[in-house]
Every structure is written in C-alpha cells, then in structure tokens.
Amino acid sequence: MTENVAITRLWPLPDAGPLDDPTLAGLYPRLAMPHLRVNFVASIDGAVELEGHSAGLSGPPNGPDKRVFGLLRMLCDALVVGAGTLRHEAYRALRLDERRRSWRREQGLSEYPTLVVVSRTLNLDPESAAFADAPVRPVVLTHARATAPSGLDAVADLVRRGDERVDLAAGLAELRRRGHGQLLCEGGPHLFGSLTADDLVDEICLTVAPLLTGPGAARITAGPTTPPRGMALRHVLAGGDDSLLLRYTRADD
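Residues numbered from 1 in each chain as written. Predicted model: local features only at pLDDT ≥ 70, side-chain atom pairs only at ≥ 80, totals over all residues. Heavy atoms only, no water.

Structural notes on the sheet that holds strand E8 (residues 203–209)
What counts, and what does not: Strands are treated as partners if at least two bridges between them are detected by DSSP. Elements are defined by DSSP. Helices are runs of H or I of four residues or more, strands are runs of E of two residues or more, and each kind is numbered from the N terminus. Note on definitions: angles span 0 to 180 degrees between N-to-C directions of axes, and those axes are lines fitted to C-alpha atoms, for helices only across the stretch in contact. The contact criterion used is simple: two residues touch if any of their non-hydrogen atoms lie within 4.5 Å.
With mixed pairing, the ten strands of this open sheet are ordered in space as E1-E9-E10-E8-E2-E7-E3-E4-E5-E6. Across the chains shown, the open sheet's two edge strands, defined by having one partner strand only, are strand E1 (7–11) and strand E6 (157–160). Each adjacent strand pair in this sheet contributes to an overall mean axis angle of 25°, direction not counted. Along the sheet, helix H3 (residues 64–75) makes contact with E1, strand E2 (35–43), strand E3 (78–82), strand E7 (182–185), E8, strand E9 (231–239) and strand E10 (244–250), crossing E2 at roughly 165°.

The structure is reproduced here in structure tokens:
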C-alpha cells in the first residue's frame, strides 16, 4: 500500500508532525445542526479543471486532496452533486472501504452515505454505475415538470421540489427530513452558484493545487451574480505536495 502524502496544520495551533486520519477527521466535524459543506479543488490561478476534468488538479490517490475528499465522504449523511458533474466526471457508485464503513458503524451511521443528484432536465442514465451499482438507493432532486427517463424510478427516489426549476431550499429540507442532516456537495460550479444564490452554503473546503493552469478554465462557481457573503477561516493545512487545504464557515457561526 502506498503511503499517504503528509498533511500538517499551519493555523491555528501548528502541529509538530503529520496528521493521522482520526485527527484530520476531527478538523472537519459533524455538527448537531443541519449543515451543508461544499468541497472543491482549484489551481492557484482559480481554475476548476485541468484538461477538462477536476482530477487533474487533485493529485495522486494518496495525495492530500484525495485523502480529505475520502474523509469528507465518510463524514457526511448524503453527497449532493449536479447531474452535469455526475456525467462529466463519470461518477461511479458511492462506496467506502471497510475501514471507513467501520468508522460509520461505530458512530451509529449507515455504512454508506446516500448519493443525491440534482437535475433540472433528468438527462440521466439509469444503467450508469452511479445508480445501477449503488449500495444505497440514490435520490434525484428535480422539479415538477421534468420528464424522467424510463427506468430511473426503479433505481432512484425522485424528489420533486419546485414547479419549473429545482427549489433547492425545499429539496435540502426534504433531505434533512429523511435524516440527512450533514450534507456534502461536490459541485459542479452551477450547483454551487445556485446554492450560494439561495444562501444555503454553510462551509467551504477548498484545496489550492500548486499549479498555474493559465486562462481558459472555469471557476468553481457559475451562474448569475450574487451579493458577496463573508466567510471565516477555520484552518489552514499544508500538504506535502505543496497544496493548501482551507476550511471556511459562515462568519456568524
């Protein structure tokens, strides 16, 4: 097994050595109140992708970003992702290794988080691995006028909120009614922009990859202009690959 690239804490309270997984998980706590955490990686100059995919920014499987990526999935009740990102990044079934499933069982959680796909058009393939191989039945959050493809309701729960567009606030409220209080969103940019516009984002986890990609790539957020919102920095971690891992929450938390 390849050894993980080290992660150390720079601020606050710098650590003398690398963080182990239990300590690292403690820096991204599950909260008693409903909470929406967003996780993204970007280059130094703000790109959300490299050669068309976010994986080019994330580094190797044992790198700091992938390590936190896996921990955040372990910690959430449900993983929320836009349909475009699901297709573009070729999401597979949302599974965890035995070590992380064991941690969830010890915390009284289900073995796997639930995949939630937000889709305006329901342009989804029921036979894709994200649905067909899912260990927990996924949820598709859409609106009343969207037409579902044949077979989608056999592999996912369709939750319709909103008449002509997805009502994200009502959709998240339904997820929380189902017991999914701790939500993790992995994008994409349009979903992140919509969540920001509706003031639903409680936390941002951002990995800054040590790359200059040049012009052309999109940012981590997209959509209509919204008023700026203040956020408070909670920690700064340094990856042994020269990446930075930042955690922000609402400034009034």
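Some thoughts on the layout of surface pockets
Rolled over the atoms, a probe with the dimensions of a water molecule shows which regions are left empty. Applicable threshold: The distinction between a cavity and a pocket rests on a 1 Å grid over the protein atoms alone: a 1.4 Å probe fits inside a cavity but cannot get out, while a pocket stays open yet meets protein on both sides within 12 Å along at least five of seven lines, and a residue with an atom within 4 Å of a point counts as lining. Grid points are joined across faces, edges and corners, and a volume is the space filled by probe spheres set on the points. Following the grouping adopted for this structure description, the nonpolar residues are Ala, Val, Leu, Ile, Met, Phe, Trp, Tyr, Cys and Pro, the charged ones are Asp, Glu, Lys and Arg, and the polar ones are all others, Gly among them.
Of the pockets and cavities examined, the second largest pocket occupies roughly 610 Å³. Lining the second largest pocket are 26 residues, and of these Phe 192, Thr 196, Ile 204, Thr 221 and Thr 226 sit closest to its centre. Elements that contribute at least two residues to the lining of the second largest pocket include exactly helix H9 (189–197), E8 and E10. Of the residues forming the lining of the second largest pocket, the biggest block, three residues, is contributed by H9. A class-by-class count of the residues in the lining of the second largest pocket yields 13 nonpolar, eight polar and five charged.

Overview of the nonpolar core
We apply this condition: We define the nonpolar core as a collection of buried residues of types Ala, Val, Leu, Ile, Met, Phe, Trp, Tyr and Cys that are connected through side-chain atoms lying within 4.5 Å of one another. Burial classification: accessible surface area is computed with a 1.4 Å probe over protein chains only, and a residue below 20% of its type maximum counts as buried, one above 50% as exposed, and the rest as partly exposed.
Core analysis: the largest hydrophobic core is formed by 32 residues, its most contacted members being Leu 24, Tyr 28, Leu 86, Val 117 and Leu 124. Considering every element that reaches this core, the biggest residue donor is H3, with five residues. If sequence neighbours within four positions are ignored, Leu 124 has contacts with Ala 83, Leu 86, Arg 87, Val 117, Ser 119, Phe 131, Val 140, Pro 149 and Leu 152.

What to know about helix H8 (residues 168–177)
The line we're drawing: What the arc covers is the set of directions going from the helix axis to the C-beta atoms. The term polar contact refers here to a pair of N or O atoms within 3.5 Å; inside protein, the definition further demands a hydrogen-donor-capable atom paired with an acceptor-capable atom, and it admits residues adjacent in sequence only when both atoms are side-chain atoms.
Three or more residues of H8 are buried, namely Leu 168, Gly 171, Leu 172, Glu 174 and Leu 175. Buried positions in H8, seen along its axis, are confined to an arc of 155° and lie on one side of it. The opening residue of H8, the one whose side-chain oxygen lies 3.3 Å from the backbone nitrogen of Ala 169, is Asp 167. Gly 179 sits one or two positions beyond H8 and adopts a positive phi of about 100°.

A short note on empty space enclosed by the protein
Under the definition given, this model contains two cavities of 30 Å³ or more. Surrounding the largest cavity, Pro 29, Arg 30, His 35, Arg 37, Leu 72, Leu 75, Cys 76, Gln 182, Leu 183 and Leu 184 form its lining. Contributing elements (two or more residues each) for the lining of the largest cavity: E2, H3 and E7. Of all the elements, E7 adds the most residues to the lining of the largest cavity, at three residues. Class assignment for the residues of the lining of the largest cavity results in six nonpolar, two polar and two charged. Considered as a void within the structure, the second largest cavity measures approximately 40 Å³ in volume. As for the second largest cavity, its lining consists of Leu 94, Pro 113, Thr 114, Leu 115, Ala 130, Ala 134, Pro 135, Val 136 and Pro 138.

A closer look at the pairing of E10
For E10, a buried count of five out of seven residues is recorded, marking the element as mostly surrounded by other parts of the structure. Two elements, E8 and E10, share six bridges in a ladder whose sense is antiparallel. When the sheet's bridge partners are listed, Cys 205 is paired in E10 with Arg 247. Pairing analysis gives seven bridges linking E9 to E10, with the strands arranged antiparallel. The residue of E10 that forms the bridge with Ala 238 is Leu 244.

Some remarks on the pattern of salt bridges
Where we set the bar: The salt bridge definition used is simple: a Lys or Arg side-chain nitrogen within 4 Å of an Asp or Glu carboxyl oxygen.
Per the stated rule, a full pass over the model turns up 21 salt bridges. One salt bridge connects Asp 157 with Arg 137, and the closest N-O pair in it is separated by 2.5 Å. Placement of Asp 157 in strand E6 and of Arg 137 in the loop between helix H6 (129–132) and strand E5 (139–142) is noted, with a sequence separation of 20 residues between them.

Some thoughts on the environment of Ala 93
On the secondary structure map, Ala 93 appears in the loop between helix H4 (83–88) and helix H5 (98–106). For the pair Ala 93 and Leu 141, spaced 48 residues apart in the sequence, the C-alpha separation amounts to 17 Å.

Some words on unusual backbone geometry
Cis geometry marks the peptide bond from Trp 11 to Pro 12, where omega comes out at -15°. Looking at where Pro 12 falls in the secondary structure, it is placed in the loop between E1 and helix H1 (21–26). Along the chain, Gly 187 connects to Gly 188 via a cis peptide bond; the corresponding omega equals 10°. Tracing the chain through its elements places Gly 188 in the loop between E7 and H9. Positive phi is not limited to glycine here, since Leu 122 has a value of about 60°. Here Leu 122 is to be found in the loop between strand E4 (114–118) and H6. Even without glycine at this site, Asp 242 takes up a positive phi of about 75°. Along the chain, Asp 242 turns up in the loop between E9 and E10. Residue classification places Asp 242 among the exposed residues on the basis of a relative accessible area of 64%.

The values reported here are purely geometric and, on their own, carry no functional implication.
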